[in-house]
Amino acid sequence: MKTKVATSNYLQLLINSLLVIGLFIYYEVVNVMIVTPASWIGNHGTAQDNLIKNGLAIGLIGLFLVVSFLLAKQLGAFEKQPTTSVWRGVLVGVALVAAVKLIFSTVHMGTPANQMKVLEQMTPLSFSANILFLGVLAPLLEELIFRFGLMGRVFQAQQLLGWVVSSLFFGWVHQSTLGLGMVFYSALGFAFGAPYFFTKRLESSIITHMLANLASIVLIYSL
C-alpha cells in the first residue's frame, strides 16, 4: 500500500514538473512570436512600417493573452481559496517590491543583462504594445510558471520551500550569471511569491507583478 502511494506521489511530481517545463517552453515561444516579427520589420521610421509592426504585435499579444488566460483557467490557476483577500496580498507584494527596489537602488550593480534584453525587446514596439506585452502578458505567464507551477504544483506540500526555490529560479532565469543582478531578481521573485504564499490566490501575485512591470515601463519611457 505504501509503495503504491509513493509511486503515485512520484508520478504526480513528474507530471507537475513536466507541466512547468511545458509552460516555460510556451512562454519562450510567445516571446519569439511577438518580438521576432517586429524586429524583421525594423525601425525605418515610416508610418506604414510602424503601423504594421505594432498592429501585428498588439494582435499577437491579444491572441496570446486570451489563450494564456484560458489555459490558466483550465489548469485551475484561478480557483478561489478560503484565505486572505486578493488585494491584501497585493498590498504585501507591492510593499516588498518597493522595499527590494529601494534597497538595491543604493547599490551600484550596473545594468543587469535581463534589463538590457528587455530594453532590446521594447525598442521595436510602441508604448501601448509594451504595456500589453511586458506589463500584462509577461507577468501572467511568469506567475503561472513560477508561482502556480512551481509553488502550487511541484511544491504543493512544501510551499515555503517552493517559495524559496521558485524565487531562486526566477533570479537565475532573469540573470543567469552569479552576482548582484541574480540576487536582485531572486529578491523580486521572493516579493512576487509572497502574495501567493499568504493568500493562495494567483491573482495577487499576477497583479503585483503587473504593477511592478508597468511602473518600470512608464519610468523607462519618461526618461
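Look up: the structure comes first, before these words.
Keep in mind it's a predicted model, so treat the numbers as computed, not measured.

### Considering the overall build of the protein chain
Working step 1: Along the backbone of the protein chain there are eight helices and zero strands.
Working step 2: For the protein chain, the sequential pattern of α-helices and β-strands runs α-α-α-α-α-α-α-α.
Working step 3: Put simply, 77% of the contacts in the protein chain that link residues at least 6 apart link residues at least 24 apart.

### Brief notes about the layout of surface pockets
Working step 1: Reported here for the largest pocket is a volume of approximately 1,200 Å³.
Working step 2: In terms of lining residues, the largest pocket is bounded by 43 residues, among which Asn114, Gln115, Val118, Phe184 and Tyr185 are the most central.
Working step 3: Only helix 1 (2-41), helix 3 (86-105), helix 4 (113-122), helix 5 (127-154), helix 6 (159-174), helix 7 (180-199) and helix 8 (202-222) provide two or more residues apiece to the lining of the largest pocket.
Working step 4: Tallied by class, the residues present in the lining of the largest pocket amount to 25 nonpolar, 14 polar and four charged.

### A closer look at helix 6
Residues spaced three or four apart along an α-helix face the same direction, because each turn holds 3.6 residues.
Working step 1: Counted at 1.5 Å a residue, the expected span for helix 6 with its 16 residues is 22 Å, and the 22 Å between its end C-alpha atoms agrees.
Working step 2: Among all positions of helix 6, only Gln159, Gly162, Trp163, Ser166, Ser167, Phe170, Gly171 and His174 are buried. In an axial view of helix 6, the angular spread of the buried residues amounts to 165 degrees, which keeps them on one side of the axis.

### Some remarks on the packing of aromatic side chains
Working step 1: For the structure on display, the rule yields 14 aromatic pairs.
Working step 2: When the centroid spacing of 5.8 Å and the interplanar angle of 80 degrees are considered together, the rings of Trp163 and Phe198 count as edge-to-face. In this pair, Trp163 sits in helix 6 while Phe198 sits in helix 7, placing the two residues 35 residues apart along the sequence.
Working step 3: According to the relative accessible area criterion, Trp163 is buried, its value standing at 6%.
Working step 4: For Phe198, a relative accessible area of 48% gives the class partly exposed.
Working step 5: When the ring of Phe170 is compared with that of Phe192, the centres are 5.8 Å apart and the planes differ by 80 degrees; the resulting orientation is edge-to-face. Here Phe192 lies in helix 7 and Phe170 lies in helix 6, a separation of 22 residues in the sequence.
Working step 6: Members of the aromatic cluster, joined through ring pairs, are Phe24, Phe146, Phe169, Phe170, Trp172 and Phe192.
Working step 7: For Lys200, the ring lying beneath its charged end belongs to Phe197, and the centroid distance is 5.1 Å.

### Thoughts on the pattern of salt bridges
Working step 1: Counting across every chain of the model gives two salt bridges.
Working step 2: The salt bridge involving Glu143 is made with Arg147; its shortest N-O contact spans 2.7 Å. One end of the pair is Glu143 and the other is Arg147, both in helix 5 and four residues apart, which spans about a single turn. Here Glu143 matches Arg147 in class, with each residue buried.
Working step 3: Across the pair Arg201 and Glu203 runs a salt bridge, and its minimum N-O distance is 3.3 Å.
Working step 4: Among the residues examined, Glu203 registers a relative accessible area of 18% and is labelled buried.

### Looking at the nonpolar core
For soluble globular proteins, nonpolar side chains are generally found buried alongside one another.
Working step 1: In this structure, Ile34, Phe133, Leu137, Leu188 and Leu202 are the most contacted members of the largest nonpolar core, which totals 51 residues.
Working step 2: Taken together, the elements giving at least two residues each to this core come down to helix 1, helix 2 (47-74), helix 3, helix 4, helix 5, helix 6, helix 7 and helix 8.
Working step 3: Residue contributions to this core peak at 14 residues, all from helix 5.
Working step 4: Apart from residues lying up to four places away in sequence, Leu188 is in contact with Val97, Val100, Lys101 and Phe170.

Criteria and cut-off values
Residues numbered from 1 in each chain as written. Predicted model: local features only at pLDDT ≥ 70, side-chain atom pairs only at ≥ 80, totals over all residues. Heavy atoms only, no water. Helix = DSSP H or I, 4+ residues; strand = E, 2+ residues; numbered from the N terminus. Contact = heavy atoms within 4.5 Å. 1 Å grid on protein atoms, 1.4 Å probe; cavity = no way out; pocket = protein on both sides within 12 Å on 5 of 7 lines; lining within 4 Å. Points joined across faces, edges and corners; volume = space filled by probe spheres on them. Nonpolar A, V, L, I, M, F, W, Y, C, P; charged D, E, K, R; others polar. Expected span 1.5 Å × (residues − 1). Buried < 20%, exposed > 50% of the residue type's maximum accessible area, 1.4 Å probe, protein only. Arc of directions from axis to C-beta. Phe/Tyr/Trp six-rings, centres within 6.5 Å; stacked < 30°, edge-to-face > 60°. Lys NZ or Arg CZ within 6 Å of the ring centre and 35° of its normal. Salt bridge = Lys/Arg side-chain N within 4 Å of Asp/Glu carboxyl O. Core = buried A, V, L, I, M, F, W, Y, C linked by side-chain atoms within 4.5 Å.

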